[in-house]
Amino acid sequence: MYKYALLSKSLSAVRSPLAGLLRFESISTKIKLRNCSFPARTLTQTLCLHTHTQNLSSYHPTQSQQREMKYVLVTGGVVSGLGKGVTASSIGVVLKACGLRVTSIKIDPYLNTDAGTMSPFEHGEVFVLDDGGEVDLDLGNYERFLDVTLTKDNNITTGKIFQSVIEKERRGDYLGKTVQVVPHITDAIKDWIESVSAIPVDGKDGPADVCVIELGGTVGDIESMPFIEALRQLSFSVGQDNFCLIHVSLIPVLGVVGEQKTKPTQHSVRELRALGLTPHLLACRSAQPLLENTKEKLSQFCHVPAANILNIHDVPNIWHVPLLLRNQNAHDAILKQLNLLSIAMPPALQDWTMMAETYDNLTNSVRIAMVGKYVGLTDSYLSVVKALLHACIACSLKPLIDWIAASDLEEDSAESTPEAHAAAWETLKNASCILIPGGFGDRGVRGMILASKYARENNIPYLGICLGMQIAVIEFARSVLGLERADSNEFDTNTPDPVVIFMPEGSRTHMGSTMRLGSRRTLFQTPDCITAKLYGNTQYVEERHRHRYEVNPEVIKVLEEKGLKFVGKDETGKRMEILELPTHPFYVGVQFHPEFKSRPRRPSALFLGFILAATGKLEAHLKSHQNGV
């Protein structure tokens with residue numbers, strides 16, 4: 001029987017956001033209070049039972065809801081960065097193609113409460129969810145692959161778990177007992193997993209059939225030990241038919257002989273078994289397909305049937321990974337372990353196959369200049385890259401992204417690094433369009449301003465996201481209004497012309513979760529702007545935000561008098577959300593992040609318009625869109 005969540009009137013009196021979760025132990029019998037860690041806002045948005053006034057006797061769970069939750073745990077060994085996130089997402093795709101409803105949980109063993117304060121250079125991009133959660137980029141993979149809308153509670157961190165346990169200890173919830181990793185930390189982890197897995201994320205009522213859990217890091221990391229123990233206990237408590245463990249490991253090739261080495265995987269599995277978890281399947285990462293003798297050796301020494309040893313070798317694009325799993329009958333092994341063969345269908349991946357093969361066969365391309373701060377690690381802009389990919393495929397094009405370090409465009413670099421400076425400008429001028437993504441800090445800002453100016457003056461399609469929009473405002477104020485020292489308070493606190501200011505409600509003392517975050521509504525000010533036409537909605541659009549600075553409302557009038565139009569504002573009318581330059585083919589800046597909602601089969605409207613403008617097809621698209629073609 002599933003454990004459901006119910007929001008009651010008493011929740012409003014609960015002091016901690018990590019307390020007061022009511023969970024059903026039986027729909028028809030009793031309700032037991034379990035203190036767990038879920039903010040009331042998230043529960044309000046996602047619970048199956050929408051109001052506390054609903055009569056429980058009128059609730060009748062469907063056959064799907066009566067089944068016990070099935071868990072698929074994905075762990076990693078040998079080295080990090082093997083692609084556990086893509087593997088877990090691909091497993092979800094295959095199971096979903098079998099007719100099952102799938103949800104996902106990502107466990108990050110770091111002590112941070114969330115990913116919001118982490119450097120993009122160290123951890124990649126911070127992915128933002130509808131509810132404002134700042135989470136690991138793997139949740140972006142889950143949302144794109146599975147086409148679901150996750151909550152911040154789908155990302156579990158050591159910081160969140162420890163915080164919830166400490167808050168309960170301070171309230172006296174443990175009744176004087178000594179608080180320990182076992183059982184208190186492990187119980188909190190299990191409770192969190194079981195409760196979050198019951199929250200629907202696909203827009204339907206009732207819990208999913210399968211929850212795919214990815215444990216970050218590698219087996220043996222000291223940080224992940226409490227999670228390993230909690231998951232061991234979970235596998236025992238839910239039973240063998242409800243738990244499937246897939247271990248992702250590396251099969252390296254060393255020396256000139258080119259022999260595939262299994263020893264690292266053997267050691268990794270041995271360590272996992274020593275911790276009480278035995279893998280049911282192995283997902284082996286390698287450059288080339290595994291040889292049969294390699295599979296036999298792995299099977300013999302890892303105690304995994306040869307049929308359950310999957311090979312995820314290098315592929316042209318990651319959309320082939322679900323197809324690799326399907327072709328190796330991974331779904332059969334997983335469904336057999338979870339006792340779901342009787343209700344599952346053969347995986348229907350025709351659309352997915354067409355999408356992967358379409359990309360492989362594309363010949364035409366479009367060159368995109370990405371001018372940013374963190375170009376040294378492309379994962380820093382992972383969602384932007386994926387959104388460009390989705391838009392390009394919709395236009396039957398391959399994206400050729402030219403990464404330009406913004407600082408290389410600055411005048412100072414002409415003296416210090418002349419070759420890099422010349423190469424950066426040559427790359428920028430050869431691009432069909434220019435994109436400036438989000439970021440924080442003043443490094444590279446002058447280069448971004450120069451790139452924005454070049455796009456504006458030379459009619460090059462330009463898309464500015466978050467910081468990119470603010471850069472466009474600063475450049476316009478300097479070049480068109482003649483305000484030479486116009487700037488953002490983020491970069492110059494003493495500027496006499498602050499065209500971008502710190503938001504009044506923001507915190508200057510705390511960094512985590514203090515920005516304007518999550519999905520918010522933007523109202524279009526005019527129905528005939530390019531952005532409204534692209535979205536196909538003349539009234540409003542809802543996109544995800546992550547910023548603490550905004551365009552100064554006091555300079556809007558003079559900017560618009562000179563031609564820069566703010567065609568989208570928030571519901572108060574004081575916060576600028578979208579700017580356009582009507583005299584330009586495509587010059588758009590948005591305060592929100594449209595890349596977070598882009599999907600393989602539903603590209604972001606703005607990214608699609610950006611690529612269409614770069615190829616000279618935007619006007620024809622807008623006309624056909626208006627005519628309903």
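Residues numbered from 1 in each chain as written. Predicted model: local features only at pLDDT ≥ 70, side-chain atom pairs only at ≥ 80, totals over all residues. Heavy atoms only, no water.

In plain terms, the rule: UniProt positions are given in the numbering used here, feature names are shortened, and annotations may be inferred rather than shown by experiment.
Per an unreviewed UniProt entry, the protein goes by the name CTP synthase and belongs to Populus deltoides. Comment text from UniProt for the protein, heading Pathway (unreviewed entry), reads "Pyrimidine metabolism; CTP biosynthesis via de novo pathway; CTP from UDP: step 2/2." Check the Sequence similarities (unreviewed entry) section of the UniProt entry for the protein; it says "Belongs to the CTP synthase family."

### Looking at the overall build of the protein
Which entries qualify depends on this criterion: Secondary structure elements follow DSSP: runs of H or I no shorter than four residues count as helices, runs of E no shorter than two count as strands, and numbering proceeds from the N terminus. Under the scheme applied here, a residue whose accessible area is under 20% of the maximum for its type counts as buried, over 50% as exposed, and between as partly exposed, the area being computed with a 1.4 Å probe on protein chains only. What sets the accessible areas is the Shrake-Rupley method with a 1.4 Å probe; for residues, cover comes only from the shown protein chains.
Counting secondary structure elements, the protein contains 22 helices and 26 strands. Looking at the 629 residues of the protein, the share that counts as buried comes to 58%. Split by element, the accessible area of the protein, about 26400 Å² in all, is 50% carbon and sulfur.

### Quick notes on the sheet that holds strand β22 (residues 540-547)
Operational definition: For two strands to be treated as a pair, DSSP must find no fewer than two bridges joining them. For helices, the fitted axis covers only the stretch in contact; all axes are lines through C-alpha atoms, and the angles between them, taken along N-to-C directions, range from 0 to 180 degrees. Every residue pair with non-hydrogen atoms within 4.5 Å of one another is taken to be in contact.
One open sheet holds the nine strands; their spatial order is β16-β15-β17-β18-β26-β25-β24-β21-β22, and the pairing between them is mixed. Lying at the two open borders of the sheet, with one neighbouring strand each, are β16 (398-405) and β22. Between one strand axis and the next, the sheet turns through 25 degrees on average, direction left out of account. Lying on the sheet, helix α16 (residues 418-430) is in contact with β15 (365-372), β16 and β17 (433-436); it crosses β16 at an angle near 150 degrees. Sitting on the sheet, helix α21 (residues 605-614) touches β15, β17, β18 (462-465) and β26 (587-590), and the angle it makes with β17 is about 150 degrees.

### Side note on α16
Because an α-helix completes one turn every 3.6 residues, residues spaced three or four positions apart along the sequence face the same direction. Counted only if it meets this: By definition here, a helix of n residues has an expected span of 1.5 Å times n minus one. Arc definition: directions from the helix axis to the C-beta atoms.
The end-to-end C-alpha distance of α16 is 18 Å, a good match for the 18 Å that 13 residues give at a rise of 1.5 Å each. For α16, the complete set of buried residues consists of His421, Ala424, Trp425 and Leu428. Projection of α16 onto a plane perpendicular to its axis shows the buried side chains occupying an angular sector of 95 degrees, all on one side. Turned more than 90 degrees away from the buried face of α16, the exposed residues are Glu419, Glu426 and Asn430. Lining the buried residues of α16 we find β15, β16, α15 (411-416), β17 and α17 (445-457).

### With respect to the packing of aromatic side chains
Condition: What counts as a ring pair is set by centres within 6.5 Å for rings of Phe, Tyr and Trp (its six-membered ring), and what kind of pair is set by the plane angle: stacked under 30 degrees, edge-to-face over 60, tilted for all other angles.
One pass over the structure, following the stated rule, counts ten aromatic pairs. With centroids separated by 5.4 Å and ring planes inclined at 50 degrees, the aromatic side chains of Phe145 and Trp352 adopt a geometry described as tilted. In this pair, Phe145 sits in helix α5 (residues 138-146) while Trp352 sits in helix α13 (residues 350-361), placing the two residues 207 residues apart along the sequence. A centroid spacing of 6.4 Å and a plane angle of 75 degrees characterise the contact between Trp319 and Tyr359, whose relative ring orientation is edge-to-face. Residue Trp319 is found in the loop between β14 (309-313) and α11 (321-327), and its partner Tyr359 is found in helix α13; the two are separated by 40 residues along the sequence.

### Considering the side chain of Glu475
Among the structural elements, Glu475 can be located in helix α18 (residues 467-479). Apart from residues lying up to four places away in sequence, Glu475 is in contact with Ile449, Ser452, Lys453, Arg456, Val480 and Tyr587.

### Comments concerning the nonpolar core
Keep this limit in mind: Residues belong to one nonpolar core when they are buried, are Ala, Val, Leu, Ile, Met, Phe, Trp, Tyr or Cys, and are joined through side-chain atoms within 4.5 Å.
Among the nonpolar cores identified, the biggest contains 54 residues, and Val72, Ile91, Leu95, Ile246, Trp319, Ile334 and Trp352 are the most heavily contacted of them. Sequence-distant contacts of Trp319, defined by excluding residues within four places in its chain, comprise Phe145, Trp352, Met355, Ala356, Tyr359, Leu389, His390, Ile393 and Pro600.

### Examining helix α10 (residues 292-302)
Buried within α10 are the following residues: Thr294, Lys295, Leu298, Ser299 and Cys302. Buried residues in α10, looked at end-on, bunch into an arc of 135 degrees, giving them a common side. Exposed and facing more than 90 degrees away from the buried side of α10 are Glu292, Glu296 and Gln300. Next to the buried residues of α10 lie β12 (259-260), α9 (263-274), β13 (281-286) and β14. Residue His303 follows α10 closely and has a positive phi angle near 60 degrees.

### Observations concerning the environment of Ile401
As for its position among the elements, Ile401 is in strand β16. Relative accessible area serves as the criterion here: at 19%, Ile401 is assigned to the buried category. For the pair formed by Ile401 and Arg367, sequence separation is 34 residues and the distance between their alpha carbons is 6.0 Å. Filtering out sequence-adjacent residues up to four positions away, Ile401 remains in contact with Ile368, Met370, Val385 and Leu388.

### A few points about a nonpolar patch on the surface
Basically, it comes down to this: Residues enter patches when their relative accessible area tops 30% and they take part in no salt bridge; the joining distance is 9 Å for like charges and 5 Å for the nonpolar side chains Val, Leu, Ile, Met, Phe, Trp and Tyr. Between Lys or Arg on one side and Asp or Glu on the other, a salt bridge is scored when a side-chain nitrogen of the former is within 4 Å of a carboxyl oxygen of the latter.
The grouping of Leu111, Phe162 and Ile166 at the surface amounts to a nonpolar patch, some 300 Å² of accessible area in total. For Leu111, the position within the fold is in the loop between β5 (102-108) and α4 (120-123).

### Topic: the sheet that holds strand β10 (residues 243-250)
Spatially, the seven strands line up as an open sheet ordered β8-β5-β9-β4-β10-β13-β14, and their pairing is parallel. Sheet topology places β8 (155-157) and β14 at the edges, where each strand pairs with a single neighbour. This sheet shows a mean twist of 20 degrees between the axes of neighbouring strands, independent of strand direction. Across five bridges, β10 lies against β13 in parallel orientation.

### Some thoughts on the pattern of salt bridges
Evaluated as defined, the whole model comprises 29 salt bridges. A salt bridge links Lys261 to Glu259; its shortest N-O distance comes to 3.2 Å. For Lys261, a relative accessible area of 30% puts it in the partly exposed group. Residue Glu259 is classed as partly exposed on the basis of its relative accessible area, which comes to 38%. Connected through shared salt-bridge partners, Asp130, Glu143, Asp147, Arg544, Lys597, Arg599 and Arg602 make up one network.

### Notes on the pairing of β14
The condition is simple: Orient the strands so they point away from the viewer, and a crossover whose first-strand-to-second-strand path over the helix runs clockwise is right-handed.
Across the five residues that make up β14, a large majority, five, are buried. Of the two faces of β14, the one carrying Ile309, Asn311 and His313 and the one carrying Leu310 and Ile312 are both buried. Note that the unit made of β13, α10 and β14 has a crossover that is right-handed.

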